[in-house]
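Okay, here's what each chain looks like letter by letter:
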Amino acid sequence: MKITWTLQDGRTHTAEVANGTNMMEAAVANDITGVVGECGGSLSCATCHVYVADDWVGKTGEPEDFEDAMLDATEAERKDNSRLSCQIVADDSLDGLHLIVPAL
Amino acid sequence: MQRVVIIGAGQAGCSAAFALRKRGFDGEIILLGEETDPPYQRPPLSKAYLLGDMERARLYLKPPGAYTDAGIDLRTGCDAIAIDAQQMRVDTAQGPLTADAIILATGSKPIRLPEAVTGGLAGIHYVRDLADIDAIRTAIPDCKNAVIIGGGYIGLEAAAVTTKIGLNATVVEMAPRILQRVASRETSDAMRALHAHHGVTILENVGLALFLGDGSVKSAVLADGTELPCDLAIVGVGIRPDIALAQAAGLRIENGIWTDARGQTSAPGIWAVGDCASFPHTGAPLRLESVPHAIDHAETVAANVLGARTDYTARPWFWSDQFDVKLQIAGLNTGYDQVVTRPGGKPWSRSHWYFAAGRLVAVDALNAPRDYMSGKRWIEAGQTPDRKRLADPAADLKTLV
């Protein structure tokens, strides 16, 4: 499946991502500045915070309790479409997914 | 600058390589790793990977093609043997390399038990490299009784995983309490209760005398004479920075490879990042053993290698997963004189807040992500919450500073 990030400088980056990969791993593999993934996807750090583009919000689902709590105090402002990338896993239903990296 | 040689292909070395490229360096980057795997994440080794919940390829920090794509010459299975600081030369198993800058990212090595204690027996394992964990995973199906030497985070994670797999696990801690070196009595008590609940035996205030066996380990004899059946021994008694190359090259050593605030060692042109580096932090030298530090430090030092003049500011945080508890730690509790407990509403949920002379310095949050996130921000901003209200779980965290 394909995924597109809007980067911190406003440009976009599109990459092919294998099903089963989470969006933090995909971002790190593609060297997306601003998505760090310090804890390796163990839901401990919130350094992979992204915004889900409006037309994809319904498809990526709602954050679970622990993720919701982590999002409550992220460095960049929390919005209704805030998610931790590591909790969104690629599958066919997300082909074309568009994520926005929070600006500094 | 035409060539940077990075010694050590762990988290810090790998991050430094990509950071150099990202900052526009267009010369040669050679990344030397002594292991045969490409750079990988270590934290899952004692958690999901040991448990068998995570595939090997998923540990890798970058997909296979990423190094070539970024023009990073990754040389795995290639040891650096010596550094000549005057000539700016690195001798490797495959020949010498000259460099315009050398970045030491040699990491750390586990403290090993002396042969008098291990008897040279098979079945005694350490937790550091992928190969260590592969050896434990291979051994586990034939084992019943795990004895874990050391009640620090590595030992407790190993106890949690071996218990989950179905072994009887016993943790042996020489100090009066588990986690004594790194956490408060309150955190030790909570983690002890968690492990007891899941059937781990925790023995404190007693050291290991020696292992007995016949080719492979059969029992562990403790200092008080107790003999524990043991067919799997896991030793987690701490790590030491790998300073051998730096020391041999005549670099200044001070609880690690000494660096200035920008990451430069005592030899111009030679830098150190991650676990192995001892850097100034609020006036005293500090060494940090963590992934977040390895990443942040590598980013700052890479910029300095390319001519920036940025002092590194550490923002320490750590985490551990044990059974159904996620422990998140922000700050450094060095010198604390008071601990405030904030109870939580969920199983095992609570947080312990460390104060030094009235100032918040660290927090241990158990299944309490809001407490962790708030605490981390306060500590980094130098803010201190009201202690009395902090202890009241009904008080909204957002109103405490």
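The sections below set out a description of the structure shown in this document.

## Observations regarding the pattern of salt bridges
- With the rule as written, the count across this model stands at 34 salt bridges over all chains.
- Measuring nitrogen to oxygen at the nearest pair gives 2.9 Å for the salt bridge that ties B:Asp73 to B:Arg75.
- On the accessibility criterion, B:Arg75 (23% relative accessible area) is partly exposed.
- Note that B:Arg192 and B:Glu204 form a salt bridge whose closest N and O atoms lie 2.9 Å from each other. Linking B:Arg192 in helix 8 (residues 185–197) with B:Glu204 in strand 12 (residues 201–204), this pair joins segments that are 12 residues apart in sequence.
- Classification of B:Arg192 as partly exposed rests on a relative accessible area of 24%.
- Judged by its relative accessible area of 21%, B:Glu204 is partly exposed.
- In this structure, a network of salt bridges that share partners links the residues A:Asp68, A:Asp72, A:Arg78, B:Arg370 and B:Lys398.

## A word on the sheet that holds strand 15 (residues 227–229) of chain B
Residues and elements named next belong to chain B.
- Judged by pairing direction, the sheet is antiparallel, and its three strands sit side by side in the order 13-14-15 without closing on themselves. Only two strands of the sheet have a single neighbouring strand rather than two, namely strand 13 (208–214) and strand 15. Here the strands of the sheet are splayed against their neighbours by 30° on average, with no regard to which way each runs.
- By the bridge criterion, three bridges tie strand 14 (residues 216–222) to strand 15 in an arrangement that is antiparallel. Paired with alanine 220 across the strands is leucine 228, a residue of strand 15.

## What to know about the state of the cysteines
- Per the stated rule, a full pass over the model turns up zero disulfides over all chains.
- Cysteine A:Cys39 is unpaired, with the sulfur of A:Cys45 as its nearest cysteine sulfur at 3.7 Å.
- Accessibility expressed as a relative area gives 6% for A:Cys39, which makes it buried.
- Here B:Cys230 is not disulfide-linked; the sulfur of B:Cys143 is the nearest cysteine sulfur, at 8.3 Å.
- Accessibility expressed as a relative area gives 2% for B:Cys230, which makes it buried.

## A closer look at the interface of chain A and chain B
- Counting residues at the interface gives 27 residues for chain A, matched by 27 residues for chain B.
- Of the roughly 2100 Å² buried between chain A and chain B on both sides combined, carbon and sulfur atoms contribute 48%.
- Ionic pairing is found between A:Asp68 and B:Arg370, a salt bridge with its closest N-O pair at 3.5 Å.
- At the surface where chain A touches chain B, the tally comes to 16 residue pairs in polar contact (both at pLDDT 80 or more).
- Of all elements in the fold, only helix 1 (23–29) and helix 3 (65–71) of chain A reach the threshold of two or more residues within the side of chain A that touches chain B.
- In terms of residue count, helix 3 of chain A provides more of the side of chain A that touches chain B than any other element does, five residues in total.
- For the side of chain A that touches chain B, the class distribution of residues is 12 nonpolar, eight polar and seven charged.

## Some remarks on unusual backbone geometry
Residues and elements named next belong to chain B.
- Even without glycine at this site, leucine 179 takes up a positive phi of about 60°.
- Within the secondary structure layout, leucine 179 lies in the loop between strand 11 (168–173) and helix 8.
- You can call leucine 179 buried: its relative accessible area is 2%.
- Look at alanine 357: it is not a glycine, yet its phi comes out positive at around 50°.
- By relative accessible area, which is 74% here, alanine 357 ends up exposed.

## A word on the side chain of B:Thr163
Residues and elements named next belong to chain B.
- Relative to the assigned elements, threonine 163 resides in helix 7 (residues 153–165).
- Judged by relative accessible area, which is 16%, threonine 163 ranks as buried.
- In this structure, threonine 163 is in contact with Ala169, His198, Val200 and Phe323, ignoring residues within four places of it in sequence.

## Some words on helix 10 (residues 291–305) of chain B
Residues and elements named next belong to chain B.
- Spanning 15 residues, helix 10 covers 21 Å between terminal C-alpha atoms, matching the ideal 21 Å at 1.5 Å per step.
- Most of helix 10 is tucked away: 13 of the 15 residues are buried.
- Looking one or two residues beyond helix 10, the residue adopting positive phi is glycine 307, at roughly 110°.

## Details of the sheet that holds strand 22 (residues 317–322) of chain B
All names here are of chain B.
- An order of 22-23-26-25-24 is seen for the five strands of this open sheet, with the pairing classed as antiparallel. The sheet is open, and its two borders are formed by strand 22 and strand 24 (338–343), each paired with just one other strand. Taking the axes of each pair of neighbouring strands and ignoring which way they run, one obtains an average angle of 15° across the sheet.
- Against the sheet, helix 11 (residues 369–381) touches strand 22, strand 23 (325–331), strand 24, strand 25 (350–356) and strand 26 (359–366), its axis set at about 160° to strand 26.

## Description of the packing of aromatic side chains
- Tallied over the full model, the rule gives six aromatic pairs over all chains.
- Relative to B:Tyr67, the ring of B:Phe18 has its centre 5.5 Å away and its plane inclined at 65°; by these criteria the two rings are edge-to-face. Of this pair, B:Phe18 sits in helix 1 (residues 11–22) while B:Tyr67 sits in helix 4 (residues 66–69), and the two are 49 residues apart along the sequence. Across the pair, B:Tyr67 and B:Phe18 agree in class, each one buried.
- Within the aromatic cluster, the residues linked to one another by ring pairs are B:Trp317, B:Trp319 and B:Tyr372.
- Its end group placed over the ring of A:Trp56, A:Lys59 keeps NZ or CZ at 4.8 Å from the ring centre.
- Note that B:Arg387 overlies the ring of B:Phe355, its terminal NZ or CZ placed 5.2 Å from the centroid.

## So, helix 6 (residues 130–139) of chain B
All names here are of chain B.
- Looking only at helix 6, the buried set comprises Leu130, Asp132, Ile133 and Ile136. The buried side chains of helix 6 occupy one side of the element, clustering within an arc of 160° when seen end-on. Looking at helix 6, the residues exposed on the side facing more than 90 degrees away from the buried face are Ala131 and Thr138.
- Against the buried residues of helix 6 lie helix 2 (48–51), helix 3 (56–59), strand 9 (124–126) and strand 16 (232–235).

How each quantity is defined
Residues numbered from 1 in each chain as written. Chains lettered and ligands numbered in written order. Predicted model: local features only at pLDDT ≥ 70, side-chain atom pairs only at ≥ 80, totals over all residues. Heavy atoms only, no water. Salt bridge = Lys/Arg side-chain N within 4 Å of Asp/Glu carboxyl O. Buried < 20%, exposed > 50% of the residue type's maximum accessible area, 1.4 Å probe, protein only. Helix = DSSP H or I, 4+ residues; strand = E, 2+ residues; numbered from the N terminus. Pairing = 2+ DSSP bridges. Axes fitted to C-alpha atoms, helices over the stretch in contact; angles between N-to-C directions. Disulfide = S-S within 2.5 Å. Contact = heavy atoms within 4.5 Å. Buried area = accessible area lost by both parts, 1.4 Å probe. Polar contact = N/O pair within 3.5 Å; in protein donor to acceptor, adjacent residues only side chain to side chain. Nonpolar A, V, L, I, M, F, W, Y, C, P; charged D, E, K, R; others polar. Expected span 1.5 Å × (residues − 1). Phe/Tyr/Trp six-rings, centres within 6.5 Å; stacked < 30°, edge-to-face > 60°. Lys NZ or Arg CZ within 6 Å of the ring centre and 35° of its normal. Arc of directions from axis to C-beta.

In short, geometric facts, not functional conclusions.
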